[in-house]
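# Residue-level structural notes
The chain contents come next:
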Amino acid sequence: MERVHSHEVTKAAHACLSDRGVTIMDVAEIVMQMQGPYNDKLTIEECVDSVEKVLLKREIQHALLVGVELDRLAEQKKLSEPLQSIIEADEGLFGVDETIALGASLGYGSIAVTTFGHLDKNKIGIIAKLDTKVGGGVHTFLDDMIASIAANASSRLAHRKRDIEENLPKEERRIIEDE
């Protein structure tokens, strides 16, 4: 079997968001809310850029694709019981959705992990809309993945701010950001 090119995976991850009604701006607005209090010069454009950079990471793309696929299958009632009912109802004790999203946050450090926990608990922005189950869709995994992406983008910006404050050369910052 032939390997899937990374460009195809990136396109599929973006399509997952778009197909589910989530925009990059929706996520960037959460990032702005999370990091704005710590950076009075932060712009929404920087938040958008950070979200886009996070969405280039394979681990994030893979977690998003798996989670959204499970949500879709639950909408189509194609999962076996009791998993179908558990995911469809987004049962509070299920936790697999948070585990996948939290795992996707681990590469961005403790700021991402604690921000993810805050977003999971407080349901900010588009996360709240997805969590309400309005419109009949199943977003058991998607709401947590949006929290993870926003948390990662927030952490990325926090670390970038410190690198700028320390006057790290652009080339060195670029290397750190690409790790």
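Residues numbered from 1 in each chain as written. Predicted model: local features only at pLDDT ≥ 70, side-chain atom pairs only at ≥ 80, totals over all residues. Heavy atoms only, no water.

### What to know about the packing of helix 1 (residues 6-19) against helix 4 (residues 58-75)
Running from N to C, helix 1 and helix 4 point in directions that differ by 45°, and their axes come no closer than 9 Å. Comparing the axis directions of helix 1 and helix 4 gives the class oblique. For the pair helix 1 and helix 4, the sense of crossing is left-handed. Here Ser-6, Val-9, Thr-10, Ala-12, Ala-13, Cys-16, Leu-17 and Asp-19 of helix 1 come into contact with helix 4, specifically with Arg-58, Gln-61, His-62, Leu-64, Leu-65, Val-68 and Arg-72. (Axes fitted to C-alpha atoms, helices over the stretch in contact; angles between N-to-C directions. Helix = DSSP H or I, 4+ residues; strand = E, 2+ residues; numbered from the N terminus. Parallel < 35°, antiparallel > 145°, perpendicular 65-115°, else oblique. Left-handed = near helix turned anticlockwise from the far one by under 90°. Contact = heavy atoms within 4.5 Å.)

### Structural notes on the side chain of Ser-50
Relative to the helices and strands, Ser-50 is located in helix 3 (residues 44-54). When sequence neighbours within four positions are dropped, the list of residues in contact with Ser-50 reads Ala-153, Arg-156 and Leu-157.

### A few points about the nonpolar core
Counting 39 residues, the largest nonpolar core has Ile-30, Val-51, Leu-64, Leu-119 and Ile-146 as the members making the most contacts within it. Breaking this core down by element, the ones donating at least two residues are helix 1, helix 2 (24-35), helix 3, helix 4, helix 6 (96-105), helix 7 (109-122), helix 8 (126-131) and helix 9 (142-165). Top element by residues in this core is helix 9. It accounts for 9 residues. Apart from residues no more than four positions distant in its own chain, Ile-30 is found in contact with Leu-119, Ile-124, Gly-125, Ile-126, Ile-127, Ile-146 and Ala-150. One finds Ala-74, Leu-79, Ile-87 and Val-138 within the second-largest nonpolar core, a separate group that totals 6 residues. (Core = buried A, V, L, I, M, F, W, Y, C linked by side-chain atoms within 4.5 Å. Buried < 20%, exposed > 50% of the residue type's maximum accessible area, 1.4 Å probe, protein only.)

### Concerning helix 2
Every α-helical turn comprises 3.6 residues, leaving residues that sit three or four positions apart pointing alike. End to end, helix 2 covers 16 Å across 12 residues, agreeing with the expected 16 Å (1.5 Å per residue, within 8%). Of the residues making up helix 2, those classed as buried are Ile-24, Asp-26, Val-27, Ala-28, Ile-30, Val-31, Met-34 and Gln-35. Looking at the buried positions of helix 2, the neighbouring elements they touch are helix 1, helix 3, helix 7, helix 8 and helix 9. (Expected span 1.5 Å × (residues − 1).)

### Some remarks on the confidence of the model for the protein chain
Within the protein chain, residue pLDDT values average 93, and 95% of them lie at 70 or more. Averaged over each element, pLDDT in the protein chain is lowest for helix 10 (residues 170-178) (65) and highest for helix 2 (98). (pLDDT = per-residue confidence, 0-100.)

### Some remarks on the packing of helix 3 against helix 9
It is the contact of helix 3 with helix 9, at a shortest axis distance of 9 Å, that shows an interaxial angle of 115°. Here helix 3 runs over helix 9; the crossing is right-handed. The residues of helix 9 that touch helix 3, namely those facing Glu-46, Cys-47, Asp-49, Ser-50, Val-51, Lys-53 and Val-54, are Ile-149, Asn-152, Ala-153, Arg-156, Leu-157 and Arg-160. Tallied by class, the residues present in the contact of helix 3 with helix 9 amount to 6 nonpolar, 2 polar and 5 charged. (Nonpolar A, V, L, I, M, F, W, Y, C, P; charged D, E, K, R; others polar.)

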